[in-house]
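Residue-level structure breakdown
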Amino acid sequence: MTPHADPRVGHRLSLPPEPGAVRRRTVWHRVWGLCAALLGITMLLLGATGLAAIPDLIEDEKAFRTATPCTALSSPHDDCLRSYDATVTRTVIKEQAKSSQYTLYLNGPTQVPHSIDMGASESLLKRLLPGDNVTVTLWRDYATAVRQGKISQETADTPQGEPAFVCALALAVLSGGAYGLYAGGTALTRARRHAVQGLPRS
């Protein structure tokens, strides 16, 4: 004789969640939905701000490419390349597969940054020792090159490539913000349905 399943078991499994549990789940879905929506709006604003800054960054990049060394007749407000003497305090060269570090640390006038990302060890960084004197070329707030005697090396501290980097970052932030706003809005408007039926697989 084939045993039959107890119909009461299936009946118990088909019962809807208790009202108290539904209320708690509904509140939970509304809370995280509100947080996700607010985060999405914040990310959208940040992404839009980044995109709005791109035209100015492009103009900065063009101005840097056409900048010339300052002369004796240049005023402090001229947009030219200025040179300052500084002393090397230490160098850091770490070459790794995933991340590398090429940093030059300096002691000099207030205009000269304390540390400069050189981008590579060639052709000057690997030669420098603590106490060496160097000449740093500045354009606005960027330390664009370091020179010792006849050997010069361009740094990674320039406005070149900034527009493309900011654009890519802003688009990524906008995508995340749009998804956060959609997910949060859906959670808010369908909080009770999700509390009863659970979240959809998508």
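Since we're looking at a predicted model, the values are computed, not measured.

Within the protein chain, the regular secondary structure consists of 4 helices and 6 strands. Counted from the first residue to the last, the protein chain has its helices and strands arranged as α-α-β-β-β-β-β-β-α-α. Across the protein chain, the fraction of contacts at a sequence separation of at least 24, relative to all contacts at a separation of at least 6, is 60%. Counting every atom, the protein chain has about 13,700 Å² of accessible surface; 58% of that belongs to carbon and sulfur. Side chains of the protein chain give 21 positive and 17 negative charges; the mean places of these two sets differ by 19 Å.

The tally for this structure, following the rule as stated, stands at 4 salt bridges. If you follow the salt bridges from partner to partner, you end up with D60, D79 and R140 in one network.

For the rest of this paragraph, the subject is the packing of aromatic side chains. Under the counting rule described, the total for this entry stands at 2 aromatic pairs. Judged by centre distance (6.0 Å) and plane angle (25 degrees), the rings of W139 and Y142 are stacked. There is no split in this pair, since W139 and Y142 are both buried. An aromatic cluster is present here, built from F64, W139 and Y142 joined pairwise through their rings. The ring of Y105 has R90 lying over it, and the distance from NZ or CZ to the ring centre is 4.0 Å.

In an α-helix, one full turn covers 3.6 residues, which means residues spaced three or four apart are oriented alike. Look at helix α3 (residues 162–189): 40 Å from first C-alpha to last across 28 residues, which is about the 40 Å you get at 1.5 Å a residue. Every buried residue belonging to α3 is among P163, A170, G177, G180, A183, G184, T186 and A187, and all of these are buried.

The end-to-end C-alpha distance of helix α2 (residues 19–65), which contains 47 residues, comes to 68 Å, matching closely the 69 Å that a straight helix rising 1.5 Å per residue would cover. Maximum bend of α2: about 35 degrees, positioned at I54, with proline P55 one to four residues after it.

So, about the sheet that holds strand β6 (residues 151–154). Hydrogen bonds along the backbone pair up the strands of a sheet, which may run parallel or antiparallel. One open sheet holds the 6 strands; their spatial order is β3-β2-β1-β4-β5-β6, and the pairing between them is antiparallel. Among the strands making up the open sheet, the edge pair consists of β3 (115–117) and β6. Strand-to-strand twist of the sheet, defined as the mean angle between neighbouring strand axes without regard to direction, takes the value 40 degrees. Summarising the sheet, strand β4 (residues 133–139) and strand β5 (residues 142–148) pair through 5 bridges and their orientation is antiparallel. Counted as the bridge partner of V136 is V146 from β5.

Scanning all chains against the criterion turns up 1 disulfide. Disulfide pairing places C70 opposite C80 at an S-S distance of 1.8 Å. Because the sign of the S-S torsion sets the handedness, a value of about 95 degrees for the bond joining C70 and C80 places this disulfide among the right-handed ones. Of the two residues, C70 is situated in the loop between α2 and β1 (82–94) and C80 in the loop between α2 and β1; the sequence distance between them amounts to 10 residues. For C80, a relative accessible area of 7% corresponds to the buried category.

Right, let's talk about the environment of T66 for a bit. Inspection of the secondary structure assignment puts T66 in the loop between α2 and β1. Sequence separation between T66 and P113 is 47 residues, and the spatial gap between their C-alpha atoms is 23 Å.

On the surface, a cluster of positive charge is made up of R23, R24, R25, R30 and R192. You can see R192 is positioned in helix α4 (residues 191–197).

So, about the confidence of the model for the protein chain. The predicted coordinates of low-pLDDT regions are not to be read in fine detail. Mean pLDDT over the protein chain works out to 87, with 91% of the residues at or above the 70 mark. Confidence over residues 8–13 falls short of pLDDT 50; this stretch has 0 contacts with residues more than four positions distant or in other chains.

About the criteria used
- Residues numbered from 1 in each chain as written.
- Predicted model: local features only at pLDDT ≥ 70, side-chain atom pairs only at ≥ 80, totals over all residues.
- Heavy atoms only, no water.
- Helix = DSSP H or I, 4+ residues; strand = E, 2+ residues; numbered from the N terminus.
- Contact = heavy atoms within 4.5 Å.
- Areas by Shrake-Rupley, 256 points an atom, 1.4 Å probe, with all protein chains shown as cover.
- Lys, Arg positive; Asp, Glu negative; His and termini not counted.
- Charge placed at Lys NZ, Arg CZ, Asp CG, Glu CD.
- Salt bridge = Lys/Arg side-chain N within 4 Å of Asp/Glu carboxyl O.
- Phe/Tyr/Trp six-rings, centres within 6.5 Å; stacked < 30°, edge-to-face > 60°.
- Buried < 20%, exposed > 50% of the residue type's maximum accessible area, 1.4 Å probe, protein only.
- Lys NZ or Arg CZ within 6 Å of the ring centre and 35° of its normal.
- Expected span 1.5 Å × (residues − 1).
- Bend = angle between axes of the 7 residues up to and from the residue.
- Pairing = 2+ DSSP bridges.
- Axes fitted to C-alpha atoms, helices over the stretch in contact; angles between N-to-C directions.
- Disulfide = S-S within 2.5 Å.
- Patch = residues over 30% accessible without salt bridge, like charges linked within 9 Å, V, L, I, M, F, W, Y side chains within 5 Å.
- pLDDT = per-residue confidence, 0-100.

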